Protein chains: 2
Amino acid sequence: MKSENGVIGLKSSPSTGYVTADDVATAAGVSRWTVNRAFKKDASISAAARAKVLLAAETLGYVPDLRAASLASDHSNLVAILIDDFANPHKLVMLERLTRVLRGRGWDMMLVNTLDRDDAEPALMNARRRRVDATILIGIQFDDEVLEAAHKAQHFKKLIIFARSSENKDTISISVDDRAATLEIAEYVRDRGYKAPFYLAGPRTSSAHLSRKETFLDFWAKEFGVTCDSVAVPAYDSILAADIISETLSNKPENQRPDIIVCENDALALGVIDAIRHRLGLRVPDDIAVIGFDDVPQCESPNYRLTTYRQPLMDMANYLVDVLESSENSQLDKTFIGRLVVRESA
Amino acid sequence: MKSENGVIGLKSSPSTGYVTADDVATAAGVSRWTVNRAFKKDASISAAARAKVLLAAETLGYVPDLRAASLASDHSNLVAILIDDFANPHKLVMLERLTRVLRGRGWDMMLVNTLDRDDAEPALMNARRRRVDATILIGIQFDDEVLEAAHKAQHFKKLIIFARSSENKDTISISVDDRAATLEIAEYVRDRGYKAPFYLAGPRTSSAHLSRKETFLDFWAKEFGVTCDSVAVPAYDSILAADIISETLSNKPENQRPDIIVCENDALALGVIDAIRHRLGLRVPDDIAVIGFDDVPQCESPNYRLTTYRQPLMDMANYLVDVLESSENSQLDKTFIGRLVVRESA
DNA sequence: CAATAATTTGCACGCGTGTGCAAAAATATC
DNA sequence: GATATTTTTGCACACGCGTGCAAATTATTG
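Each chain carries its own residue numbering, running from 1 in the direction its sequence is written. Just so you know, chain letters begin at A and ligand numbers begin at 1, following the order they were written in. pLDDT decides what is reported in this predicted model: residues at 70 or higher carry local features, side-chain atom pairs at 80 or more are listed and counted, and totals for whole chains, interfaces and linings draw on all residues regardless. The side-chain values count all of the structure's non-hydrogen atoms but skip hydrogen atoms and water molecules.

Engineer: Teacher, can you tell me more about the protein's contact with DNA strand C here?
Structural biologist: Residues in close proximity to DNA strand C total 24 residues, the closest being A:Tyr62, B:Ser31, B:Trp33, B:Thr34 and B:Arg37. Per the 4 Å cut-off to the protein, sugar and phosphate atoms form 59% of the nearby atoms of DNA strand C. The definition of a polar contact used here is a pair of N or O atoms within 3.5 Å, where within protein one atom must be able to donate a hydrogen and the other to accept one, and adjacent residues in sequence count solely through side-chain atom pairs. A distance of 3.1 Å separates a phosphate oxygen of DNA strand C from a polar atom in the backbone of A:Asp65. A distance of 3.1 Å separates a phosphate oxygen of DNA strand C from a polar backbone atom of B:Ser46. Top contributing element to the surface near DNA strand C by residue count: helix H4 (residues 66-73) of chain A, with 4 residues. Gly counts as polar in this scheme, as do all residues outside two lists: the nonpolar Ala, Val, Leu, Ile, Met, Phe, Trp, Tyr, Cys and Pro, and the charged Asp, Glu, Lys and Arg. Classifying every residue of the surface near DNA strand C by side-chain character gives 12 nonpolar, 8 polar and 4 charged. Each residue is tested against the molecule or strand, and it is near if at least one of its non-hydrogen atoms lies within 4 Å. Under the DSSP-based scheme used, a helix requires at least four consecutive residues in state H or I and a strand at least two consecutive residues in state E, with every element numbered from the N terminus.

Engineer: For this particular structure, what's the right way to read the sheet that holds strand S7 (residues 229-232) of chain A?
Structural biologist: Strand pairing in a sheet is mediated by backbone hydrogen bonds. Such pairs are either parallel or antiparallel. All names here are of chain A. DSSP calls a pair of strands paired once it identifies at least 2 bridges connecting them. One open sheet holds the 4 strands; their spatial order is S7-S6-S8-S9, and the pairing between them is parallel. In the strand order of this sheet, the two ends are held by S7 and strand S9 (289-291), each with one partner. Geometrically, the sheet is characterised by an average inter-axis angle of 20 degrees between neighbouring strands, direction not taken into account. Looking at chain direction, strand S8 (residues 260-263) and S9 are connected through 3 bridges and run parallel. Fitted lines through C-alpha atoms give the axes, limited to the stretch in contact for helices. The angle between two N-to-C directions lies from 0 to 180 degrees.

Engineer: What should I look at first to understand empty space enclosed by the protein in this one?
Structural biologist: Rolling a probe over the atoms, with the probe sized like a water molecule, indicates the empty space that remains. Here a cavity denotes a set of grid points, spaced 1 Å apart and computed over the protein atoms alone, in which a 1.4 Å probe fits but from which it cannot get out, and a pocket denotes an open set meeting protein on both sides within 12 Å along at least five of seven lines; residues with an atom within 4 Å of a point are reported as lining. Grid points are joined across faces, edges and corners, and a volume is the space filled by probe spheres set on the points. Applying the stated criterion across every chain yields a total of 7 cavities of 30 Å³ or more. Forming the boundary of the largest cavity are A:Leu66, A:Arg67, A:Ser70, A:Ser76, A:Leu78, A:Arg130, B:Leu66, B:Arg67, B:Ser70, B:Ser76, B:Leu78 and B:Arg130. Tallied by class, the residues present in the lining of the largest cavity amount to 4 nonpolar, 4 polar and 4 charged.

Engineer: Mind showing me how you'd approach the environment of A:Arg179 here?
Structural biologist: Relative to the helices and strands, A:Arg179 is located in helix H8 (residues 178-191). Placed 34 residues apart in sequence, A:Arg179 and A:Lys213 show a C-alpha to C-alpha distance of 9.6 Å.

Engineer: Before we go on, may I ask you to explain the relation of the copies chain A and chain B in this structure?
Structural biologist: Note that the two copies of the chain are related through a rotation about an axis and a translation along the same axis. Copies are brought into register by a least-squares superposition over C-alpha atoms of residues with pLDDT of at least 70 in both. When chain A is fitted to chain B, the residual RMSD is 0.1 Å, and the transformation amounts to a turn of 180 degrees plus an axial shift of 0.0 Å. Considering both components of the superposition, the chain copies are consistent with a two-fold axis. Considering only C-alpha atoms, the residue of chain A closest to the rotation axis is A:Met110, which sits at 2.1 Å. The criterion used for residue contact is that any of the two residues' heavy atoms lie within 4.5 Å. Interface overlap between copies is the fraction of interface residues in one copy that are interface residues in the other; for chain A against chain B it reaches 100%, indicating a shared surface.

Engineer: Even after reading the chapter, I still don't get the interface of chain A and chain B, so can you show me in this structure?
Structural biologist: A common measure of how large an interface is: the accessible area buried when the components associate. Tallying the contact residues gives 55 residues for chain A and 55 residues for chain B. A 1.4 Å probe defines the accessible area here, and the buried area is the portion of it lost by two parts on being joined, summed over both. Carbon and sulfur atoms make up 55% of the surface buried where chain A meets chain B, a total of about 5500 Å² over both sides. The partner of A:Asp65 in a salt bridge is B:Arg131, and the shortest N-O contact between them spans 3.6 Å. The interface formed by chain A and chain B holds 34 residue pairs in polar contact (both at pLDDT 80 or more) in total. Going through the elements one at a time, H4, helix H5 (90-104), strand S2 (108-113), helix H6 (120-129) and helix H11 (266-279) of chain A are the ones with two or more residues in the side of chain A that touches chain B. Here the side of chain A that touches chain B is composed, by residue class, of 24 nonpolar, 15 polar and 16 charged. Salt bridge, as used here: a side-chain nitrogen of Lys or Arg that lies within 4 Å of a carboxyl oxygen of Asp or Glu.

Engineer: Any chance you could explain the layout of surface pockets here in plain terms?
Structural biologist: Each pocket or cavity is described by its volume, and for the second largest pocket that value is around 1400 Å³. Breaking the lining of the second largest pocket down by element, the ones donating at least two residues are H6 of chain A together with helix H1 (21-28), helix H2 (32-38) and helix H4 (66-73) of chain B. Here the element with the most residues in the lining of the second largest pocket is H4(B); it accounts for 7 residues. Residues belonging to the lining of the second largest pocket are distributed by class as follows: 15 nonpolar, 11 polar and 15 charged.

Engineer: Looking at this model, I keep getting lost on helix H10 (residues 238-250) of chain A. Mind explaining?
Structural biologist: At 3.6 residues per turn, the α-helix brings residues three or four places apart onto the same side. Residue and element names in this part refer to chain A. In a helix, the anticipated span is given by 1.5 Å times the number of residues less one. Helix length check: H10, at 13 residues, gives a terminal C-alpha distance of 18 Å against a target of 18 Å (1.5 Å per residue), a fit within 8%. For every residue, the accessible area obtained with a 1.4 Å probe (protein chains only) is divided by the maximum for its type, and the residue is called buried under 20%, exposed over 50%, and partly exposed between those limits. Of the residues making up H10, those classed as buried are Ala 241, Ala 242, Ile 244, Ile 245, Ser 246, Thr 248 and Leu 249. Considering only its buried residues, H10 is in contact with strand S6 (197-201), S7, S8 and H11. Backbone nitrogen of Ile 239 and a side-chain oxygen of the N-cap are separated by 3.1 Å at the start of H10; the cap is Asp 237.

Engineer: Looking at this structure, I do not really get the packing of aromatic side chains. What am I missing?
Structural biologist: One pair of aromatic rings is described through two measures. These are the centre distance and the angle between the planes. Any two rings among Phe, Tyr and Trp, with Trp reduced to its six-membered ring, count as a pair given centres within 6.5 Å; such a pair is stacked if its planes are under 30 degrees apart, edge-to-face if over 60, and tilted if neither. Within this structure, the stated rule accounts for 14 aromatic pairs over all chains. Ring geometry for A:Tyr319 and A:Phe336: centres 5.9 Å apart, planes at 65 degrees, overall edge-to-face. Residue A:Tyr319 is found in helix H12 (residues 313-325), and its partner A:Phe336 is found in strand S11 (residues 334-336); the two are separated by 17 residues along the sequence. Where B:Phe216 meets B:Trp220, the ring centres are 5.9 Å apart and the plane angle is 10 degrees; that geometry is what we call stacked. Of this pair, B:Phe216 and B:Trp220 both sit in helix H9 (residues 212-224), 4 residues apart, which is roughly one turn of that helix. Each of the two residues, B:Phe216 as well as B:Trp220, counts as buried. Every member of this aromatic cluster is reached through a ring pair, and the members are A:Tyr199, A:Phe216, A:Phe219, A:Trp220 and A:Phe224. Either the NZ atom of lysine or the CZ atom of arginine qualifies as a charge over a ring when it sits within 6 Å of the ring centre and within 35 degrees of the ring normal. Positioned above the aromatic ring of A:Trp33 is the side chain of A:Arg32, whose terminal nitrogen or guanidinium carbon lies 4.4 Å from the ring centre.

Engineer: Would you take a moment to explain the nonpolar core for this structure?
Structural biologist: Most often, soluble globular proteins have nonpolar side chains that are buried together. Each nonpolar core is a collection of buried residues, namely Ala, Val, Leu, Ile, Met, Phe, Trp, Tyr and Cys, held together in the definition by side-chain atoms within 4.5 Å. Ranked by size, the top nonpolar core spans 64 residues in total, and within it A:Phe162, B:Leu111 and B:Phe162 carry the most contacts. In contact with A:Phe162, not counting residues within four places along its chain, are A:Met94, A:Leu98, A:Ile136, A:Leu137, A:Ile138, A:Ile174, A:Leu313, A:Met316, A:Ala317 and A:Leu320. Core analysis: the second largest hydrophobic core is formed by 54 residues, A:Tyr236, A:Ala269, B:Ala267 and B:Leu306 among them.

Geometric values such as these leave the question of function open.
Structure, rendered in structure tokens:
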């Protein structure tokens, strides 16, 4: 056994405080490359050597340095998740699923808070500086303009839009099939005999057609020849939704009041329920029914019991990792089908 | 102007696809070191050179590689946040504040989902492999046993417990002053004339004394000579809290019913309000009042209007960054004082 | 304008690992 | 038991940037 610095059993580089593969190599009596192979999954190494190395690593407290590995191999097993709109509780659910699935399959993630639209570019920059393998966008502020600017420069290996559809060609979109989901909701509304639905939309996203609102309104127009009213809330915020819906409805005479309010997501729907009860003094669902989208945890609360549409987040997250591990870079868009969760609100 | 590879204006290393400082250097007609200095804040570089470099970098689309920088300098400006209990909506609030403050001050963060207690060690390992500058623990599953094992091996530069007190010496704890907070709550309960409080605790954390529950019970015992009843919920979960509190209270004769339920946090309190109304058929606060802790967004909802204690999360997050930027490694524990937010639930 | 001080720039070496290939060792084949 | 085959191991070089120092340039002073 040779020792590179003339001392046997001592760390050769105590300056940084970290144990390196070289330290383990001398301790185990093998070369550094064998050490690193012991930590690689399908590496060409004998079982005996691997055991010897892992034992030495264990006692010395060595773990491979992923910065160096990434630098040398040019893939980091790191993704950046850019997320805005922390006010929406569904974000917490998505984060839980994503972190769980990603980590389970060997990926780490950076979380980047994207404050507002102008902040999108610096936020994307943060991801770029770490040379992440993919950048995942979750939120509403990433419009086509930002996306094209970002990808035109070829600065991103993979740019993934999660839980929102996008028609941008340089982008991979993993989302629920909004059209199918909205049609299922619309048919449910029809079949339960509601006659005067009202649609509460969220902030306008970039791609106007094929949106949930358009789909619902189209369906209703074709089915009954009646235009369904709608209003847009400028943010996915319960309080704001409550303000807007109560103002909208208190102006209407009672016989023009909707019998159900279909909301673009739960954040809005929960605010709507609050408004119906506490501002308008009406009952849910007896006077006005409510339907949401996402199935956030609060939907279970006996206060809300919100009927809503649940996205298959685990499937979507797993597919996301499939995309990460794929060498393809296009034609990876995929939509998923969720299911309507019927509770008492509609 | 020399060109290192004999070609002027062409990228010298097109293999990786990334633009390197060398590319910018040849484009700007300076050395690579001048390029990197242009991106360092207090570097010794002339204004003219910096402008020239930044222009070239802009057109070529160069941003410094933080993996390489970290490897060379042995500090990464990256922290890992280990978080369990994604069910608690307060976690989303904390994440928003932390990500905002950290990014604003030049730090990136890795998010690691710690599934359960046995998962703590692999989760910590994930942070170690990236050589993060600090590991921040937010959650309940990091008991003293885990902490000591983690730090005894000296594997972490800084181990920070955020929003929870800890007496572990190898650890930096940044939290609200639980004792002061609970006393403020207790005095409020007393001053509003409540006579029969009930304390609803969460899962048992490692350090038993000085906890919120102990503080409240001690206060009440000293003040009135009466022991205040309490029950513990094994998870910070609204539904579970509702189950347990309704079971506990439905067994009691009406004259032994508490007039206020003090909860260890909002997740429990919101469930308690649901239970009081929908399981027990009583009113809040007329029959039973409720107090929470954290001030999650839902407290604002007209359904809840929860009186609660708000932690100064922005101050705490900023102090966290102070700690990151400090060269000290001990004596950095700090507690903060929040404030009671009075609404209608108590 | 010369001499000195201050500022700016260039460079050798190191950070810890991956890649592809060749040498060495172990195993299989006749 | 000798050769062919497979498995395992070692190695030179590269990845992109930071550090500390010395050389070159610019600014200051009398």
